[in-house]
Amino acid sequence: MADVTYTELAKCRATKNRNVVISGCSKGGYTIAQQLRVIEDDKIISVFMKGAIVFENLEALKGLRDALNDAIDYESADEAEDWDEE
């Protein structure tokens, strides 16, 4: 049986020591995982945390994009309404 492989498609920093990584899976679908990143003795150590979120197909991944955009729009609207209250 062939090993499952993941191809990193995108990454962003979530906190000082953690990234969010979106990868394509060789068996189909996509995963979103947390990556712990620590510098020790001038070496970068990266470890993927257990419990990735799995998306069956591109449409499901687009659904996440749309949900993120909705959340950003919602929060941005609150910021825009509050700008003159300071």
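First things first, this report covers the structure right here in the doc. (Residues numbered from 1 in each chain as written. Predicted model: local features only at pLDDT ≥ 70, side-chain atom pairs only at ≥ 80, totals over all residues. Heavy atoms only, no water.)

**Notes on the environment of Gly63**
Next up, step 1: One can find Gly63 in helix H1 (residues 58–82).
Next up, step 2: A residue is classified by how much of its surface remains accessible, and Gly63, at 37% relative accessible area, is partly exposed.
Next up, step 3: Spatially, the C-alpha atom of Gly63 lies 15 Å from that of Asp73, the residues being 10 residues apart in sequence. (Helix = DSSP H or I, 4+ residues; strand = E, 2+ residues; numbered from the N terminus. Buried < 20%, exposed > 50% of the residue type's maximum accessible area, 1.4 Å probe, protein only.)

**Examining the pattern of salt bridges**
Next up, step 1: Per the stated rule, a full pass over the model turns up three salt bridges.
Next up, step 2: The partner of Glu8 in a salt bridge is Lys11, with the nearest N and O atoms 3.8 Å apart.
Next up, step 3: Here Asp66 makes a salt bridge to Arg65, at a shortest N to O gap of 3.0 Å. (Salt bridge = Lys/Arg side-chain N within 4 Å of Asp/Glu carboxyl O.)

**Structural notes on unusual backbone geometry**
A negative phi angle is the norm for most residues apart from glycine, just as the trans form is the norm for most peptide bonds.
Next up, step 1: A positive phi angle is found at Asp41, which is not glycine, with a value near 50°.
Next up, step 2: On the secondary structure map, Asp41 appears in the loop between strand E3 (30–40) and strand E4 (43–48).
Next up, step 3: Positioned with a positive phi, Asp42 is a non-glycine residue whose angle comes to about 65°.
Next up, step 4: Residue placement: Asp42 occurs in the loop between E3 and E4.
Next up, step 5: Look at Asp42 and you get exposed, because its relative accessible area is 78%.

Treat this as a map of the structure, not an account of what it does.
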